[in-house]
Amino acid sequence: MSKFKIVFFDIDGTILRFGHTDMTEKIKEALRSLQKNGIKICIATGRTLVSLPDFPDINFDLTMAFNGSICIIDDKVIFSQPIPADDVRKVVKNAAEIGRPVAVSTKGAVIANGSDDELEEYFSVARLPVTVSENFNTIYNEEVYQIM
């Protein structure tokens, strides 16, 4: 029996080649082999929940998103550590003072109060658009897990 019990995988550049949306057959085979040998497989990513790709051929045992700020097993949140609301307000305020847009992620949405080339480039890694919302200030009513 292997001494390993769980293996963690990033998405971008690890289980997905940069610029691709599907796993290679070799990656799928490797993941299935791990599970067949009793080793749990986990996604560990900085991505938001809404930007996670769908992997219909592979059933991951655990998902860690937002750089570990939320952990999910069988669609149940087992750990959650959002950014304190006062800290979110401070970052948004400080960014506004230097003329920079901000995007924030909650469990169900990613919205921004504006956009610029740097924010667009950041979002392009996950192949997502920057969604500028007139309702940006409503994010203070939700738990925020990531600020870009």
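Because the structure is a prediction, the values reported are computed rather than measured. Throughout this description, residue numbers start from 1 for each chain and increase along the sequence as written. In view of the model being predicted, local features appear only for residues whose pLDDT reaches at least 70, and side-chain atom pairs are presented and counted only at 80 or more, with totals across whole chains, interfaces and linings using the full set of residues. Working from all heavy atoms in the structure, the side-chain values ignore hydrogens and water.

(A) A look at the sheet that holds strand β6 (residues 103-105). Read from one edge to the other, the open sheet built from 3 strands follows the order β7-β6-β8, with strand pairing classed as antiparallel. Where the open sheet ends on each side, the last strands, each with one partner, are β7 (110-112) and β8 (146-147). Only when DSSP finds a minimum of two bridges between them are two strands counted as paired. Helix and strand definitions here come from DSSP, where helices need a minimum of 4 consecutive H or I residues and strands a minimum of 2 consecutive E residues; each element is numbered from the N-terminal end. In this sheet, β7 lies alongside β6 in antiparallel orientation, the contact comprising 3 bridges. Within the sheet, the bridge partner assigned to S105 lies in β7 and is V110.

(B) A look at the pattern of salt bridges. The term salt bridge refers to a side-chain nitrogen of Lys or Arg lying within 4 Å of a carboxyl oxygen of Asp or Glu. Within the structure shown, the criterion is met by 7 salt bridges. Notably, a salt bridge pairs R89 with D86, separated by 3.6 Å at the nearest N-O pair. One end of the pair, R89, and the other, D86, are both in helix α2 (residues 85-97), 3 residues apart, so they sit about a helical turn from each other. The partly exposed category is assigned to R89, whose relative accessible area is 38%. Buried means the residue's accessible area, taken with a 1.4 Å probe over protein chains only, is under 20% of the maximum for its type, while exposed means over 50%, and partly exposed covers the values in between. Residue D86 is classed as exposed on the basis of its relative accessible area, which comes to 52%. Between R100 and D116 there is a salt bridge, and its shortest N-O distance comes to 3.0 Å.

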